[in-house]
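Listed below, chain by chain, are the residues.
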Amino acid sequence: MTSKKDRYTVFISHANPADNQFTAWLASRLSILGYQVWADLEDLRGGNKHWRVIEETILHEAAKVLVVTTRAGRRAEGVEQEINIAKGVERELGLETFIIQLRVDDLPYTQLFPTLNNRIAISFTENW
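Conventions and cut-offs
Residues numbered from 1 in each chain as written. Predicted model: local features only at pLDDT ≥ 70, side-chain atom pairs only at ≥ 80, totals over all residues. Heavy atoms only, no water. Helix = DSSP H or I, 4+ residues; strand = E, 2+ residues; numbered from the N terminus. Rg over C-alpha atoms; globule rule 2.2 N^0.38 Å. Buried < 20%, exposed > 50% of the residue type's maximum accessible area, 1.4 Å probe, protein only. Contact = heavy atoms within 4.5 Å. Areas by Shrake-Rupley, 256 points an atom, 1.4 Å probe, with all protein chains shown as cover. Lys, Arg positive; Asp, Glu negative; His and termini not counted. Charge placed at Lys NZ, Arg CZ, Asp CG, Glu CD. Phe/Tyr/Trp six-rings, centres within 6.5 Å; stacked < 30°, edge-to-face > 60°. Pairing = 2+ DSSP bridges. Right-handed = clockwise from strand over helix to strand, strands pointing away. 1 Å grid on protein atoms, 1.4 Å probe; cavity = no way out; pocket = protein on both sides within 12 Å on 5 of 7 lines; lining within 4 Å. Points joined across faces, edges and corners; volume = space filled by probe spheres on them. Nonpolar A, V, L, I, M, F, W, Y, C, P; charged D, E, K, R; others polar. Expected span 1.5 Å × (residues − 1).

Enquirer: Explain the overall build of the chain to me, please; I cannot follow it from the model alone.
Expert: Each helix and strand counted, the chain has five helices and five strands in total. When the elements of the chain are put in sequence order from the N terminus, they spell out β-α-β-α-α-β-α-α-β-β. Relative to the globule expectation of 14 Å for 128 residues, the C-alpha radius of gyration of the chain, 14 Å, shows essentially globular dimensions. The buried share of the chain, taken over its 128 residues, is 44%. Sequence-distant contacts, at least 24 apart, represent 70% of the contacts inside the chain between residues at least 6 apart. Approximately 7,300 Å² of the chain is accessible, and the part contributed by carbon and sulfur atoms is 49%. In the chain, the 15 positive side-chain charges and the 17 negative ones have mean positions that sit 2 Å from each other.

Structure follows, in structure tokens:
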């Protein structure tokens, strides 16, 4: 596994296609600010073995994992899998704020991801 200092990518986990609009907006804003961003909207290509690419990116490149948390995202199996991979990296490297949950719609706080229930979610519900 890559060390903390070799990580430079902001990985955005989201429900596809339900949360694509917010993800595209967020990725563009972060890119403008100079961050290297990975989101499946632009970084998966035809023929990719998508889970291998996603897992490798989280395991070896991600400096942060932003979890777009919405009603659709809560039901997305892929988002849960990405959180589980990220939690493993977080534990192994001792990264305290590796995973950041973004609350984007009216999903009640009590229904946020249970595996992230001890973390403050950043709210985007008022305005992006």
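More follows now that the structure is in view.
Enquirer: Looking at this structure, how should I read the packing of aromatic side chains?
Expert: Geometry of an aromatic ring pair is reported as the spacing of the ring centres plus the angle between the planes. Considering all chains together, one arrives at six aromatic pairs under this definition. Here Phe22 and Trp25 contribute two aromatic rings whose centre-to-centre distance is 5.7 Å and whose plane-to-plane angle is 35 degrees, an arrangement assigned as tilted. On the criterion of helical spacing, the pair formed by Phe22 and Trp25 is a turn pair, its members being three residues apart in helix α1 (residues 20-32). Ring pairing ties together the aromatic residues Phe22, Trp25, Phe124 and Trp128, which thus form one cluster.

Enquirer: Looking at this structure, I do not really get the pairing of strand β1 (residues 9-13). What am I missing?
Expert: The side chains of a regular strand alternate between the sheet's two faces. Burial of β1 is extensive: five of the five residues sit out of reach of the surface. In β1, alternate side chains face the same way, and those of Thr9, Phe11 and Ser13 on one face and Val10 and Ile12 on the other are all buried. By the bridge criterion, three bridges tie β1 to strand β2 (residues 36-38) in an arrangement that is parallel. Residue Phe11 lies in a different strand from β2, and its bridge partner there is Trp38. The β-α-β motif built from β1, the intervening α1 and the parallel element β2 has right-handed crossover chirality.

Enquirer: Quick question: what am I supposed to make of the layout of surface pockets here?
Expert: Unoccupied space between atoms shows up once a probe the size of one water molecule is rolled over them. Size it by volume and the largest pocket reaches roughly 150 Å³. Around the largest pocket, the lining comprises 15 residues; the ones closest to its centre are His14, Asn16, Asp40, Ile54 and Glu82. Put simply, the parts of the chain that give the lining of the largest pocket at least two residues each are β1, α3 (50-60) and α5 (77-93). For the lining of the largest pocket, the class distribution of residues is eight nonpolar, five polar and two charged.

Enquirer: What exactly am I supposed to notice about α5 here?
Expert: Helix length check: α5 (17 residues) gives 25 Å between terminal C-alpha atoms against 24 Å at 1.5 Å per residue, within 8%. Residues of α5 that are buried include every one of Val79, Glu82, Ile83, Ile85, Ala86, Lys87, Val89, Glu90 and Leu93, and no others. Among the structural elements, β1, α3, β3 (62-69), α4 (71-75) and β4 (99-103) are those in contact with the buried residues of α5. Of the residues one or two after α5, Gly94 is the one with positive phi, at around 65 degrees.

Enquirer: I would appreciate a short explanation of unusual backbone geometry in the present structure.
Expert: Negative phi values dominate among residues other than glycine, just as trans dominates among peptide bonds. Of the consecutive residues Asn16 and Pro17, the connecting peptide bond is found in the cis state with omega at 15 degrees. Topologically, Pro17 is positioned in the loop between β1 and α1.

Enquirer: Quick question: what am I supposed to make of the side chain of Thr9 here?
Expert: Within the secondary structure, Thr9 is located in strand β1. Judged by its relative accessible area of 1%, Thr9 falls in the buried class.

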